[in-house]
Amino acid sequence: MFRDVNSRAKFPELETRILDFWKQHDIFAKSVAQRRDGPEFVFYEGPPTANGRPGVHHVLARVFKDLFPRYKTMKGYRAERKGGWDTHGLPVELEVEKELGLTSKRDIEAFGVAEFNARCKESVFRYVQDWEKMTDRIGFWIDMTDPYVTFHNSYIESCWWILKQLWDSGLIYRDYKVTPHCPRCGTSLSSHEVALGYDEADDPSVYVRFRLLPGQTSPAAALTDALASDRPVSLLVWTTTPWTLPANVATAVNRSAAYALVESVGADGQPEYLVLAAARVEAVTGGRVLATFPGADLLGLRYAPLFPPASEPDQPAWRVVAGDMVSGPALDDEPAKPFVSLDDGTGIVHLAPAYGAIDLEVGRAENLPLIHTVDLKGEVTGVDPAFDGRFVKDADPLIIDRLRERGVLYRSERYRHRYPFCWRCSTPLIYYAKASWYIRTTARKAELLKNNSQINWYPEHIKEGRFGNWLANNIDWAFSRERYWGTPIPIYLCDSCGAYDCLGSLRELEERSGRDLKDLDLHRPYVDEVTIACASCGGTARRVPEVCDAWFDSGAMPVAQWHYPFENEETFRKKFPADFICEGIDQTRGWFYTLLAESTLLFDEPCYRNVICLGLILDGKGEKMSKSRGNVVDPWSVLNVQGADALRWYLYTAAPPGNARRFSAELVDESLRKFLLTLWNTYAFFVTYANLDGWTPGSEPGQRSDLDRWVLAELHRTVQTVTERLDHYDPTDAGRAIEAFVDRLSNWYVRRSRRRFWKSENDADKAAAYATLYECLVTTAKLLAPFTPFLAEEVYQNLVRTQDASAPESVHLCDYPVADERWIDRRLLDDVALVMRIVGLGRAARAKANLKVRQPLSVLYVRPKTVDEEAILRRLGTQITEELNVKRLVVVHDAGELFEYRIRPTFQVLGPRLGKAVQAVAKGLEEIDAAHAVQVWQGGGTVTVAGHAIGAGDVVVTAVQRPGVVAAEEDGYVVGIATDLTPDLIAEGQAREIVHLIQTMRRNAGFEIADRIETVIAASPALAAVVDRFAEYIAGETLSVQLGPGEATDGAYRETHTIDGETITIAVRRV
RNA sequence: GGGCCUGUAGCUCAGGUGGUUAGAGCGCGGUCCUGAUAAGACCGAGGCCUCUGGUUCGAGUCCAGACAGGCCCA
């Protein structure tokens, strides 16, 4: 006996029961251990941060991460899954700052770095239980007992080792980088934070004269002449940040744009010359244009600094350079794009490399000096006693005054535009060049590209598209952060000689410091207290203050999760590279990149072979789900109602993984009804009847019917498709194939086989039906195990484990099904597809004629397309006649007697052959005698249309009905029904109607399927005659041990109905 | 401003290598079937296949451009 199955499934309940079962019997561990000698399937878990509650978008990634290791395990692979947590970084610090009410680095340091970091450490696992609960509930099998944690000393030490390798290869350097900086908080902001704080700002807009040194020459003769004259010649420059002018070291022009030499009058009333873009003359100065020349003619000219610094800079400054974009699309054959705009300003751009990203890039390319005239608090320093110590925005008016005094201010206005402010404290941000540590990834760009070419990306376009482009435009990785909660950078600076050194292990630190550091927490501030002896001069060297970008940590995961190379060497080798990783598309510049970058720099190998890149989950309105937008759907709202399998199935099959997808509980519900319930009911049907019959699996059935062989062909074909698709990391098409199979199993196989299960004789055909359905259900459960692990387990436990104690303890310990080609009878598959099609057309014809299926009909006419199909119809005709409730199937050759023809050209054939003439033939075919043409074609001849010989293969002949017959037609197939009804047919229809009524009454009365009943019928004379004539049939169908006319007895269940306008009262009673 | 992706029925999605009648599910209206089914079948309404050009005898499909949305980066 099987356990009885309630057809009303409660999946969430069932799932929690299964979870208990897995835990009690340690199934996950067993599933891995069982394959310990199998080939490795390596999965890397991209570590989540547990300082926020998980949302549906996290569930998405986790269910895809779960599927493949489960699948590979069932395929015999050893698929261990080590969990991990990402714990460092600015987001963690910001959370803690908020809690503690700290708003700047000064605050943090006053609070105490040790305590601050302790709070950070505590906060990262704040929601770890939520994560574990969610992970457990969705059935994501991952080993969380021994996860890697990025703040562990062992993890940090591996990161040190990596940095040391890079250091030794000369890939680490220190340089300036311009970042948005909040002068009040004393920290840089990420681009995301900057985006939060844009607002309108009212800034100065000033035009300033940069006086060219006299006597210089230019290819532009007019300019040379002007410079030789006694009048001053100035470049006219526009800026909205006067405070950056003291840091000016160059001006940039567009080398191919036209520039003008304009006659003007200076502040002192004396004549002067100005230079600016010709396109801007009208808007800015007006005045007489003496000459125009390309910007290139200005290159190299030198001018007097506005605010000469105390000491001469090392590199030549105050000259005109080309305003070419120095980075950006680095495709060699593409010319650099100029950044100098001709839409506003003067076409001459002031460059202060200390305070602008482009400025700094150009500065590097042009070997310009970098002058700082503002400190990190945003206060001017070392320029002029009048504004030194002033905040930059307060210094602006004073600087403008000074320019005016010197006669170099041309014009001053106000300018309203969008400007970034600190999202926390509303202080205007300044762009500020700060020293950062860089990894020279650009030195390994070719290797990065080469290694990327070895990775399979799903979807494929990411490889050459988003990710490939990112790699092609690679810039060096600024990996240092002037923060607290992170992996400390193990670089040491000597107090005495200024030499840098990098350490690669705790042991090295012990040796160089001469201290026992076994119990040292490697975080700040503890590690900062350890000084080492300088290798070059023996002086004291201290660690630099920065910590690593948290992305460096996660990219180190293939190495650091094992504390390689300090231990687990063998494990590391076995688990490198990963066969499979899976994350959201937002990780292209995140984890996908840092993993590849670090493994390329260390080993010149990719560390993952296959990667599924998931699209984003959007809310009902199509917007990204994110905490800041407050539109995150709580996964529990779905898990508690529809269940984990429903959610999983929806996520796998609704859309390809790479697509962005909208998410709503309704869509999950649909997925549940469409698929899970269909399967569940098929399963419940099987168990109900198998238990009634006492059927048990075991013996091989002798004779399988066509229907059985057909469904097994479908099953094995499905196994084949699913396996093939999963091997290509495509769970969507794999799942859809299973869904299609279950639909056919339920709505064709079971539907067609139902009577075989009812028949009371325990004959061979029935045994075959049971065995076949059983095999389909058990195999489907195994196929589904990686997708819907709960339902698969439930079905397996009841169908297999209750019968066979020696079977594997869980479906997840089974082997994945393997398709048996011998079962895949392609002809049979096609044949049944034809039968289904004919039945569909037959139903359509019935509907058109308004003749319900319960009414038997005498003849069904079918016009197949080929002789082969005619044979099929003869062989499988019973399927059709039964399904359509007709007495006879008549194959029609010459459909002309029933139908009129319509002839359509087959363009696929005629197009290539006739070219343009095809349209004339198409027109001609509309006018020929169709019946005649069809006869000719049936005889193998051709008909001449518009001068071309047209054969049977060139056209599709369809037919439309004639009076007397109701027909439906599709794609050349025609099915018609004869609509005439004889009294016999009518009576039989009424008998069926009565059976249907009694069956419905049995259900309404709450009888069990196998209950025997007594049936008493009071009816009009005509219906009574029908009951009498079909008494045996009606009694047999309804399990009536007695059936006859009369009045209802007490305790009987009674209903009154009308059939064809006549009254019938039926009473049933259980015996 | 740059890169990538996506635009097909009210909603969610299919539509190798171009073929003239663009499909499915949900939802809607109707009919039917059913002693497994919360299911299923059939009919119907519902489509400028985002738009504009081009290539072609023929374009949802190929090309170019535009528009809209999404993401990433400036």
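Check the entry above for the structure.
Just so we're clear, the structure is a prediction, and the values are computed from it rather than from any experiment.

Chemist: Is there a simple way to explain the packing of helix α26 (residues 731-758) against helix α30 (residues 867-884) in this structure?
Modeler: For any two helices packed against each other, the geometry comes down to the angle between their axes and how far apart the axes lie. Running from N to C, α26 and α30 cross one another at 85°; their axes reach a closest spacing of 11 Å. With respect to their mutual orientation, α26 and α30 come out roughly perpendicular. Within the contact between the two elements, α26 uses W748, R751 and R752 and α30 uses Q879, E882 and E883.

Chemist: What is the right way to look at the packing of aromatic side chains in this model?
Modeler: For any pair of aromatic rings, geometry is given as the distance between the ring centres together with the angle between the planes. For the structure shown, the criterion picks out 56 aromatic pairs. Here F685 and F757 contribute two aromatic rings whose centre-to-centre distance is 5.4 Å and whose plane-to-plane angle is 90°, an arrangement assigned as edge-to-face. Taken together, the residues F685 in helix α24 (residues 665-693) and F757 in helix α26 connect sequence positions 72 residues apart. The same class applies to F685 as to F757, namely buried. Ring geometry for F686 versus Y770: centroids 6.1 Å apart, planes at 75°, classification edge-to-face. Of this pair, F686 sits in helix α24 while Y770 sits in helix α27 (residues 764-784), and the two are 84 residues apart along the sequence. Taken as a pair, F686 and Y770 share a single burial class, namely buried. Taken together, the ring pairs connect F2, F685, F686, Y689, W695, F757, Y770 and Y774 into an aromatic cluster. Lying across the ring of W22, R70 places its NZ or CZ 5.4 Å from the centre. Directly above the ring of Y207 sits R411, whose terminal nitrogen or CZ lies 5.0 Å from the centroid.

Chemist: In this structure, what is going on with the protein's contact with RNA strand B? I would like to understand it.
Modeler: Taken together, the neighbourhood of RNA strand B is formed by 56 residues, with R466, R843, F907, Q999 and R1002 sitting nearest. Near the protein, within 4 Å, the atoms of RNA strand B are sugar or phosphate in 66% of cases. Between RNA strand B and the protein, one listed contact pairs a base nitrogen with a side-chain N or O atom of Q999 at 2.5 Å. Sorting the residues of the surface near RNA strand B by element identifies α16 (466-472), β26 (661-662), α24, α26, α29 (826-849), α31 (907-914), α32 (918-925) and α34 (983-1005) as the ones contributing at least two each. The dominant element in the surface near RNA strand B, judged by the number of residues it contributes, is α24, at ten residues. Here the residues of the surface near RNA strand B are counted per class, giving 19 nonpolar, 16 polar and 21 charged.

Chemist: What's the story with the sheet that holds strand β15 (residues 456-458) in this structure? I'm lost.
Modeler: Hydrogen bonding along the main chain pairs the strands of a sheet, whether they run parallel or antiparallel. Sheet architecture is open: three strands sit in the order β15-β24-β23, paired in parallel fashion. The strands lining the two open edges of the sheet, one partner per strand, are β15 and β23 (578-584). When the angles between neighbouring strand axes are averaged without regard to direction, this sheet yields 15°. Across six bridges, the pairing between β23 and strand β24 (residues 608-614) is parallel. In the sheet register, F580 faces β24, and the bridge partner there is N610.

Chemist: How should the packing of helix α23 (residues 644-653) against α24 be read in this particular structure?
Modeler: Across the interface, α23 lies against α24 with an axial gap of 9 Å and an inter-helix angle of 95°. The orientation of α23 relative to α24 falls into the category roughly perpendicular. Counted together, D645, A646, L647, W649 and Y650 of α23 and L667, V668, S671, L672, F675 and L676 of α24 form the full contact between these two elements. Among the residues forming the contact of α23 with α24, the class breakdown is nine nonpolar, one polar and one charged.

Chemist: Would you explain the state of the cysteines in this entry?
Modeler: Disulfide: a covalent bond connecting the sulfur atoms of a pair of cysteines. Per the counting criterion, the structure on display carries zero disulfides. With no disulfide of its own, C537 has C494 as its nearest cysteine by sulfur position, at a separation of 3.5 Å. We classify C537 as partly exposed; its relative accessible area is 40%.

Chemist: Explain the environment of R483 here, please?
Modeler: Looking at the element boundaries, R483 is found in the loop between β17 (480-481) and β18 (491-494). Spatially, the C-alpha atom of R483 lies 43 Å from that of H728, the residues being 245 residues apart in sequence. With sequence-adjacent residues up to four places away left out, R483 is seen in contact with L90, E93, E97, K105, I108, T187, R524, P545 and V547. Among the polar contacts listed, one links the side chain of R483 to the side chain of E93, at a separation of 2.6 Å. In terms of polar contacts, R483 uses its side chain to reach the side chain of E97, at 2.9 Å.

Chemist: How should I be thinking about the environment of N469 in this particular structure?
Modeler: In this structure, N469 sits in helix α16. Exposure remark for N469: the relative accessible area of 44% places this residue in the partly exposed category.

Calculation criteria
Each chain carries its own residue numbering, running from 1 in the written order of its sequence. Note on labels: chains are lettered from A, ligands numbered from 1, in written order. Only residues with pLDDT of 70 or above have their local features reported here, since the model is predicted, and side-chain atom pairs are shown and tallied only from 80 upward, although totals for entire chains, interfaces and linings are computed over all residues. For the side-chain quantities, the full set of heavy atoms in the structure was used; hydrogens and water were omitted. Axes here refer to lines fitted to C-alpha atoms; in helices the fit is confined to the stretch in contact. Angles between the N-to-C directions go from 0 to 180 degrees. By definition, any uninterrupted DSSP run of H or I lasting at least four residues is a helix, any uninterrupted run of E lasting at least two residues is a strand, and each is numbered from the N terminus. Working definition: roughly parallel below 35 degrees, roughly antiparallel above 145 degrees, roughly perpendicular at 65 to 115 degrees, and oblique for all remaining angles. By the convention used here, residues are in contact when the closest approach between their heavy atoms is within 4.5 Å. Side-chain rings of Phe, Tyr and Trp, where Trp is taken by its six-membered ring, are said to pair if the distance between their centres is within 6.5 Å; with planes under 30 degrees apart they count as stacked, over 60 as edge-to-face, and otherwise as tilted. Only protein chains enter the calculation, and the probe is 1.4 Å; a residue is then buried if its accessible area is under 20% of its type maximum, exposed if over 50%, and partly exposed in between. Here, over-ring charges are defined by two tests on the NZ atom of lysine or the CZ atom of arginine: distance to the ring centre within 6 Å, and angle to the ring normal within 35 degrees. Proximity criterion: a residue is near a molecule or strand once any of its heavy atoms comes within 4 Å of it. Between N or O atoms, a polar contact is any pair within 3.5 Å; within protein, one atom must be a potential hydrogen donor and the other a potential acceptor, and residues adjacent in sequence are included only when both atoms are from side chains. Under the scheme applied, nonpolar residues are Ala, Val, Leu, Ile, Met, Phe, Trp, Tyr, Cys and Pro; charged residues are Asp, Glu, Lys and Arg; polar residues are all the others, including Gly. Paired strands are those between which DSSP finds at least two bridges. Any two cysteine sulfur atoms within 2.5 Å of one another count as a disulfide.

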